[in-house]
Amino acid sequence: MTITELSVPPTDTEVDHWWAVLASARTADLPRLPPPSRTEVAGALRVPSARGRSVHWATEDGVASLVLFTDEGNDHTAFLDELTVRPDARRRGTGAALWARAREELLAQGRTSVATEVDLGGPGQAFAESAGFENVLPMAWYAQDVREARAAREAGAAPGYELFCWPGLVPDPWAPAVAAAHGAMEDAPLGDLDQQIQTWTPERLHAAHQKILDRGGALTTVAALTPDGEVAAYTELVLPDPTGPRALQYDTVVVPAHRGRGLGRAVKLRMLAEAAVRHPHLRTIATSVADDNTPMRAVNAGLGYRRERAVGYFQLQLQP
């Protein structure tokens, strides 16, 4: 079996192969979800993560990808971003070979742990557990049908706050306030995940958002601001492919001093209204939430999000 490291940047042929593998697996494993588009796949392969160095490998029937973190405090760990085999080629050693190559790279780079997101109850969980991974952060994906959401007719209200909507990058004057608000994510459940939360700066915020745009995606941020210019809450909506039917709700943050005032609901309602106008073809908004994050699950339930599928952040402590 030949394992090839992708070119930098990958060629069109390499992108097409990767796309075909992911599309076939998604169709077989998660038939209710749309397969990834070529735009989404090409963007992820050609634009590296803002958090570290990406490495991609492929065989005739499978693909694998690592993100080797370089941010401060996390250069001992990594994320297995992809390990997928065509459904008709499974149980022939392809996945094991790709994992062996990824593990070799992890050890060569001095990594002591690696994490990955796994759908529960499917072939990924069985494979991860056989390799020694453990579920350290139980989560689930929740989805909202935009067409059925009665909330889409509401603009969202936040008495005492002003709601701002920024397509693309957050404007420079507001970037420091959004970055400061991001620090409120520090109390989000992380289970036993072996990663350090980073301090967000305007530069880091813009780098993370620019990556989304460079990959061909669309990004919108809605924020609730106090009269003195503090960002009290915000939420982000990302379309990995602006022509696709499915969007991802990224971070939704409410600063502790402003909690209990309905701001999480307000920014999400405003985002829903904005999405209906800016992306009329959009059908579904999906988001992942840790099982322990009861407040955010309650907000999402009130907006019509329904549990779609269980997932987990699986982690492996590496030993030579």
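In case you missed it, the structure is sitting above this.
Treat the numbers as computed from the prediction; the structure is a model and nothing was measured.

### Observations regarding the overall build of the protein chain
Within the protein chain, the regular secondary structure consists of eight helices and twelve strands. Once the C-alpha set of the protein chain is aligned to its principal axes, its extents read approximately 60 × 40 × 35 Å. Sequence-distant contacts in the protein chain: of pairs separated by 6 or more residues, those separated by 24 or more amount to 73%. A total accessible area of about 15,100 Å² is found for the protein chain, and carbon and sulfur atoms account for 51% of it.

### Quick look at the packing of aromatic side chains
In total, this model carries five aromatic pairs according to the counting rule given. A ring pair is formed by Phe79 and Tyr313, whose centres lie 5.9 Å apart and whose planes are at 40 degrees; its orientation type is tilted. In this pair, Phe79 sits in strand β4 (residues 78-85) while Tyr313 sits in strand β12 (residues 306-317), placing the two residues 234 residues apart along the sequence. These aromatic residues form a ring-pair network of at least three members: Phe164, Trp166 and Trp174. The residue whose ring lies beneath Arg51 is Phe69, and the NZ or CZ to ring-centre distance is 3.8 Å. Across the ring face of Tyr305, the terminal group of Lys268 is positioned such that the distance to the ring centre comes to 5.2 Å.

### Some thoughts on the packing of helix α5 (residues 175-182) against helix α6 (residues 202-214)
As a packed pair, α5 and α6 sit with axes 8 Å apart at the nearest point and diverge in direction by 90 degrees. Between α5 and α6, the angle is such that the two are roughly perpendicular. Here Ala175, Pro176, Val178 and Ala179 of α5 lie close against α6, whose contacting residues are Pro202, Leu205 and His206. Tallied by class, the residues present in the contact of α5 with α6 amount to six nonpolar, one polar and no charged.

### Topic: the side chain of Thr287
Position of Thr287 among the secondary structure elements: in strand β11 (residues 284-290). In this structure the side chain of Thr287 is engaged in a polar contact, spanning 3.2 Å, whose partner is the backbone oxygen of Gln249. The contact partners of Thr287, leaving out residues within four places of it in the chain, are Ala140, Trp141, Tyr142, Gln249, Tyr250, Asn300 and Tyr305.

### So, α6
Between its first and last C-alpha atoms α6 spans 18 Å; for 13 residues at 1.5 Å apiece the expected length is 18 Å, and the two agree. Buried residues of α6: Leu205, His206, Ala208, His209 and Ile212, and no others. Within α6, the buried residues cover an arc of 160 degrees as seen down the axis, which keeps them to one side. In the core, the buried residues of α6 are packed alongside α5, β8 (218-225), β9 (231-239) and β10 (246-254).

The rules behind these values
- Residues numbered from 1 in each chain as written.
- Predicted model: local features only at pLDDT ≥ 70, side-chain atom pairs only at ≥ 80, totals over all residues.
- Heavy atoms only, no water.
- Helix = DSSP H or I, 4+ residues; strand = E, 2+ residues; numbered from the N terminus.
- Contact = heavy atoms within 4.5 Å.
- Areas by Shrake-Rupley, 256 points an atom, 1.4 Å probe, with all protein chains shown as cover.
- Phe/Tyr/Trp six-rings, centres within 6.5 Å; stacked < 30°, edge-to-face > 60°.
- Lys NZ or Arg CZ within 6 Å of the ring centre and 35° of its normal.
- Axes fitted to C-alpha atoms, helices over the stretch in contact; angles between N-to-C directions.
- Parallel < 35°, antiparallel > 145°, perpendicular 65-115°, else oblique.
- Nonpolar A, V, L, I, M, F, W, Y, C, P; charged D, E, K, R; others polar.
- Polar contact = N/O pair within 3.5 Å; in protein donor to acceptor, adjacent residues only side chain to side chain.
- Expected span 1.5 Å × (residues − 1).
- Buried < 20%, exposed > 50% of the residue type's maximum accessible area, 1.4 Å probe, protein only.
- Arc of directions from axis to C-beta.

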